[in-house]
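A structural walkthrough
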Amino acid sequence: MQILVIGSGGREHALAWKSAQDESVTNVFVAPGNAGTALEPKVTNLSLDTNNFIKVENFCKEKHVELVIIGPEQPLVDGMSDYLQSKGINTFGPSQAAAQLEGSKTFSKDFFIKYGIPTAAYASFNDYDSSKNYLDTIEYPTVVKADGLAAGKGVIICADKDEALAALDSIFKDQAFGEAGNRVVIEEFLEGEEASFIAVVSKDKIVPLATSQDHKAVGEGDTGLNTGGMGAYSPAPIVDEHIHQKIIDQVMKPTMAGLISEGSPYLGFLYAGLMIKNGELKVLEFNCRFGDPETQPILLRLKSSLVDLCLAAINDELDSYQINWTEQHSCGVVIASEGYPENYATNKEVCST
Ligand code: AMP
Ligand code: GLY
């Protein structure tokens, strides 16, 4: 079997590494892949313009690719999954409509309220003046978020009104996040401990993956600017059996049902970022994909076949899927270029010694 993984991060390295372990898999193509995937047995990096869905389709047909796994959010929000599925190619990843859960914070917050999913109080604004006026009416700290995709960096925690004003200036006036900042969400600041809950979802069926906790702040001891994630471990002890059940009942089930009633049933990895305090939880965000760096420690613990899991979801057979995990714990640490997440050099050599 030939497989295609879309993406270039550590997450895609883990997805390709795990997929390549199946005996039935002869080759895993990764477009574009990275220096790590280039070293994996049975894995081939591919130079393919993944923004051009016709080229991806042609490649899949030519190579008889039997499963496409889409790693990052951008191609999902751009509709790659819809396109490939419409061409009869087995594709694991949500539709463009369902990916709005990540693609627009206003969409997801409105969705949470509509379907009774616990979340922080918020307001959404399309312009600078009304968002600025709103700052006089709220308590601090507060959280200012660019509405659209900003590679995990569009969230600014503001200790006081001056910081919130500076955040609005950078988003609306300096366009720090480009079009992603054409709209902002201003949200109640939540205290507690964060956990990532990631599941494989197909319509109303769910297979929860092992729990994990990501650490987003750039500095030692969770200090400094937020990043896409500096490291993660699995399992996350904060998600005990009680919390696990609450997440399923209060977050995942209403989300799956809500998407079905909106006409956009979900297929793919569904990731809820949660804040947990005193046994209660609130959703910070949804991602329509596997987490990076959570994928790395989670897949290290997965004993079952990732390929079979994705195909079971695509074929609506999750009900009978039995997933197995090792009891061992795992951890992944991100090595970033100096200056990350602000200005930093890329294409530096990573040394293993
Ligand atoms: P998001 O992309 O919305 O998950 O935000 C990225 C990170 O910002 C989260 O993982 C939290 O660390 C932090 N964050 C987001 N929203 C809030 C909030 N309402 N209260 C406190 N921290 C938040
Ligand atoms: N680790 C956070 C994310 O993947 O969004």
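Below is a summary of the structure that appears in this document.

Parameters and conventions
Residues numbered from 1 in each chain as written. Chains lettered and ligands numbered in written order. Predicted model: local features only at pLDDT ≥ 70, side-chain atom pairs only at ≥ 80, totals over all residues. Heavy atoms only, no water. Near = heavy atom within 4 Å. Polar contact = N/O pair within 3.5 Å; in protein donor to acceptor, adjacent residues only side chain to side chain. Areas by Shrake-Rupley, 256 points an atom, 1.4 Å probe, with all protein chains shown as cover. Nonpolar A, V, L, I, M, F, W, Y, C, P; charged D, E, K, R; others polar. Salt bridge = Lys/Arg side-chain N within 4 Å of Asp/Glu carboxyl O. Buried < 20%, exposed > 50% of the residue type's maximum accessible area, 1.4 Å probe, protein only. Core = buried A, V, L, I, M, F, W, Y, C linked by side-chain atoms within 4.5 Å. Helix = DSSP H or I, 4+ residues; strand = E, 2+ residues; numbered from the N terminus. Contact = heavy atoms within 4.5 Å. Pairing = 2+ DSSP bridges. Axes fitted to C-alpha atoms, helices over the stretch in contact; angles between N-to-C directions. Expected span 1.5 Å × (residues − 1). Phe/Tyr/Trp six-rings, centres within 6.5 Å; stacked < 30°, edge-to-face > 60°.

It is worth spelling out the site of ligand 1 at this point. Close contacts around ligand 1 come from 15 residues, with Glu-187, Glu-188, Leu-190, Glu-194 and Glu-285 the closest. Lys-145 places a side-chain nitrogen or oxygen 2.9 Å from an oxygen atom of ligand 1. In this structure, a nitrogen atom belonging to ligand 1 sits 2.8 Å away from a main-chain N or O atom of Glu-188. Contact with the protein chains removes 94% of the 470 Å² of surface that ligand 1 exposes when unbound. Residue classes in the shell around ligand 1 are distributed as seven nonpolar, one polar and seven charged.

What the rule picks out here adds up to 18 salt bridges. With its nearest N and O atoms 3.4 Å apart, the salt bridge here joins Lys-205 to Asp-204. Exposure remark for Lys-205: the relative accessible area of 19% places this residue in the buried category. Residue Asp-214 is joined to Lys-216 by a salt bridge in which the shortest nitrogen-to-oxygen separation is 3.6 Å. Members of the salt-bridge network, linked through shared partners, are Lys-203, Asp-204, Lys-205 and Asp-316.

Time to look at the nonpolar core. In terms of nonpolar packing, the biggest core is built from 46 residues, with Leu-4, Val-68, Ile-247, Val-251, Met-252 and Leu-274 touching the most fellow members. Tallying contributions element by element places helix 9 (residues 241-261) first for this core, with seven residues. In contact with Met-252, not counting residues within four places along its chain, are Phe-197, Ala-199, Ile-206, Ile-247, Leu-270, Ala-272 and Phe-286.

Time to look at the sheet that holds strand 5 (residues 91-92). Here five strands make up an open sheet; going across it, the order is 3-2-1-4-5 and the pairing parallel. The sheet is open, and its two borders are formed by strand 3 (43-45) and strand 5, each paired with just one other strand. By the bridge criterion, two bridges tie strand 4 (residues 65-70) to strand 5 in an arrangement that is parallel. Across the sheet, the residue bridging to Ile-69 is Phe-92, located in strand 5. Of the strands in this sheet, strand 1 (2-7), strand 2 (27-32), strand 3 and strand 4 touch helix 1 (residues 10-19), which is tilted by about 170° from strand 1. Against the sheet, helix 11 (residues 306-314) engages strand 1, strand 4 and strand 5, with an angle of about 90° to strand 4.

Turning next to helix 8 (residues 161-173). Across its 13 residues, helix 8 extends 17 Å between first and last C-alpha, which sits within 8% of the 18 Å expected from 1.5 Å per residue. Taken together, the buried positions of helix 8 are Ala-164, Ala-167, Leu-168, Ser-170, Ile-171 and Phe-172. Lining the buried residues of helix 8 we find strand 6 (122-125), helix 7 (128-134), strand 7 (142-146), strand 8 (155-158) and strand 9 (184-188).

For the rest of this paragraph, the subject is the site of ligand 2. Around ligand 2 sit Asp-214, Lys-216, Gly-228, Tyr-271, Asn-287, Arg-289, Gly-291, Asp-292, Pro-293 and Glu-294, and that is every residue in its neighbourhood. Separating a nitrogen atom of ligand 2 from a side-chain N or O atom of Glu-294 is a distance of 2.9 Å. Relative to its unbound accessible area of 200 Å², ligand 2 is 92% covered by the protein chains. Across the shell around ligand 2, the residue classes tally to two nonpolar, three polar and five charged.

Residues Lys-205 and Val-207 of strand 11 (residues 205-208) are buried on one face, while the alternating residues Ile-206 and Pro-208, pointing to the opposite face, are not. In this sheet, strand 11 lies alongside strand 10 (residues 193-202) in antiparallel orientation, the contact comprising four bridges. Within strand 11, the position partnered with Val-201 by the bridge is Ile-206. Linking strand 10 to strand 11, which pair antiparallel, is a turn of two residues; within it Lys-203 sits at a positive phi near 55°.

Okay, the packing of aromatic side chains next. Enumeration over the complete set of coordinates arrives at 10 aromatic pairs. Geometrically, the ring pair formed by Phe-53 and Tyr-83 is tilted, given 5.9 Å between the ring centres and 40° between the ring planes. In this pair, Phe-53 sits in helix 2 (residues 53-63) while Tyr-83 sits in helix 4 (residues 80-86), placing the two residues 30 residues apart along the sequence. Residue Phe-53 is classed as buried on the basis of its relative accessible area of 17%. For Tyr-83, a relative accessible area of 21% gives the class partly exposed. With a centroid separation of 6.4 Å and an interplanar angle of 85°, the aromatic rings of Tyr-128 and Phe-172 are classed as edge-to-face. Within this pair, whereas Tyr-128 is found in helix 7, its partner Phe-172 is found in helix 8, the two being separated by 44 residues in sequence. A single burial state applies to Tyr-128 and to Phe-172, both of which are buried.

With that settled, the discussion passes to the environment of Gln-250. Residue position: Gln-250 is located in helix 9. In this structure, the C-alpha to C-alpha distance between Gln-250 and Ile-206, residues 44 residues apart in sequence, is 14 Å.

In this section: the sheet that holds strand 9. Sheet architecture is open: four strands sit in the order 6-9-7-8, paired in antiparallel fashion. With one partner strand each, in any of the chains shown, strand 6 and strand 8 form the two edges of the open sheet. Adjacent strand axes in the sheet meet at a mean angle of 20° when their direction is disregarded. Bridge analysis of strand 7 against strand 8 gives four bridges, and the strand direction is antiparallel. Within the sheet, the bridge partner assigned to Val-143 lies in strand 8 and is Ile-157.

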